[in-house]
Amino acid sequence: MAFSASWSTLLRELEDLGDGATLITPLSHERFTISSVQEQRVVVQFLDKDIDPNQPLQRDQFETLYRRITDAHGGFDLDRLPPDADAYPAVWSVHPRFEIDEQQGVILEREGPTSSQLLETGAEDDVADADRTEPDLAVYADALLLVDALERHDVEYLEGMETDALVNIYTLLSDVQRNANELRKDVRSVLLDRLHHDQPVAGQYGSVQRTARRNRSLKDDEEVLEVLEDAGIDRERVTSVDSSKVDEALDVIEVSESEVYEIEESEYVRKAEVHEEQKETRLQGLKDQLAAAEGEEAEQAQQEVEELETRIEELTEFNSGRSFHTQSNADP
């Protein structure tokens with residue numbers, strides 16, 4: 001199918017979208033709606049941007065992307081898009097022959113039925129209005145206990161707190177940190193399959209970006225030394241004292257540790273024991289209190305929660321502050 005025919009089909013599909021139809025970009029996951037459909041351009045409005053929310057998408061850029069998609073074997077790699085250009089493939093996905101595969105990070109042409117980047121109408125409202133469920137997570141239970149402890153003590157003046165209260169808070173902080181880190185690792189492993197290099201993805205409370213870390217470890221000592229010797233480096237220049245071998249030597253000779261080590265002692269607090277039964281008892285009490293909230297008290301609490309969520313959303317809303325300018329001879 002020629003571009004002109006595909007372009008006409010795309011414009012018809014866009015015009016048939018219902019009012020408020022929302023699409024989402026495949027890389028940055030930003031939501032936007034179609035403001036205007038014209039022969040030479042499509043104007044979109046990003047819902048999560050306060051600065052320059054409107055962006056005109058030019059026909060010639062759609063044509064360039066069309067050529068890339070149809071010429072590429074197995075789809076066009078979305079990582080090749082310039083910054084702020086991932087609205088183009090999202091719009092193309094409305095066309096019945098084009099589809100985005102976020103797992104593979106490509107947009108491709110298909111013969112059969114395809115999916116689009118169109119969000120289901122009311123999906124976000126359904127999530128917001130759905131009954132909250134209690135997750136079976138250790139970090140959730142510990143976080144509830146920690147919030148309760150923080151609310152019952154004046155933690156802004158730690159010096160004035162009783163020792164047992166400080167112990168409780170320290171223990172809970174340690175538990176929350178450990179369990180939150182375990183959950184963070186689980187979330188990270190799932191996100192890695194959904195993120196592409198150099199493409200930040202924004203959420204309500206922040207953004208994340210896939211990056212790479214390079215770790216090095218030396219090969220076998222003899223192998224390393226032989227390679228360096230062949231290159232003209234003497235062994236003495238690269239060999240150093242190994243602390244583990246020094247410890248082995250100290251075990252069989254009469255030399256004190258202080259003669260070969262610089263020793264500096266520091267003191268710290270270590271969590272020695274966790275009273276799980278006490279935690280469970282207090283946690284169940286908190287859950288019973290929450291379940292017993294009724295009538296005006298419950299409505300007031302719900303209103304306060306909604307107001308707090310609104311303030312948090314206003315303060316933490318992600319805003320890239322960037323605009324995209326197209327040129328007729330540039331890649332989309």
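Above this note sits the structure.
Before going into details, it helps to say that this report is about the structure given with it. (Residues numbered from 1 in each chain as written. Predicted model: local features only at pLDDT ≥ 70, side-chain atom pairs only at ≥ 80, totals over all residues. Heavy atoms only, no water.)

1. A few points about the pairing of strand β3 (residues 41–46)
Regular strands have side chains that alternate between both faces of the sheet. Across five bridges, strand β2 (residues 31–37) lies against β3 in antiparallel orientation. By the bridge assignment, Val-37 is partnered in β3 with Val-42. (Pairing = 2+ DSSP bridges. Helix = DSSP H or I, 4+ residues; strand = E, 2+ residues; numbered from the N terminus.)

2. Quick notes on the packing of helix α1 (residues 3–15) against helix α2 (residues 59–71)
Look at α1 against α2: their axes get within 11 Å of each other, and the N-to-C directions meet at 120 degrees. Handedness of the crossing formed by α1 with α2: right-handed. In this structure, α1 contributes Phe-3, Ser-6, Trp-7 and Leu-10 to the contact, and α2 contributes Arg-59, Phe-62, Glu-63, Tyr-66 and Arg-67. Residue composition of the contact of α1 with α2, grouped by class: five nonpolar, one polar and three charged. (Axes fitted to C-alpha atoms, helices over the stretch in contact; angles between N-to-C directions. Left-handed = near helix turned anticlockwise from the far one by under 90°. Contact = heavy atoms within 4.5 Å. Nonpolar A, V, L, I, M, F, W, Y, C, P; charged D, E, K, R; others polar.)

3. Structural notes on the sheet that holds strand β5 (residues 76–77)
If you trace the three strands from one edge of the open sheet to the other, you get β5-β7-β6, paired in antiparallel fashion. For this open sheet the edge positions go to β5 and β6 (98–101), each flanked by a neighbour on one side alone. Note that β5 and strand β7 (residues 106–109) share two bridges and pair antiparallel. Paired with Phe-76 across the two strands is Ile-107, which belongs to β7. Sitting on the sheet, α2 is in contact with β5, β6 and β7, with an inclination near 80 degrees to β7.

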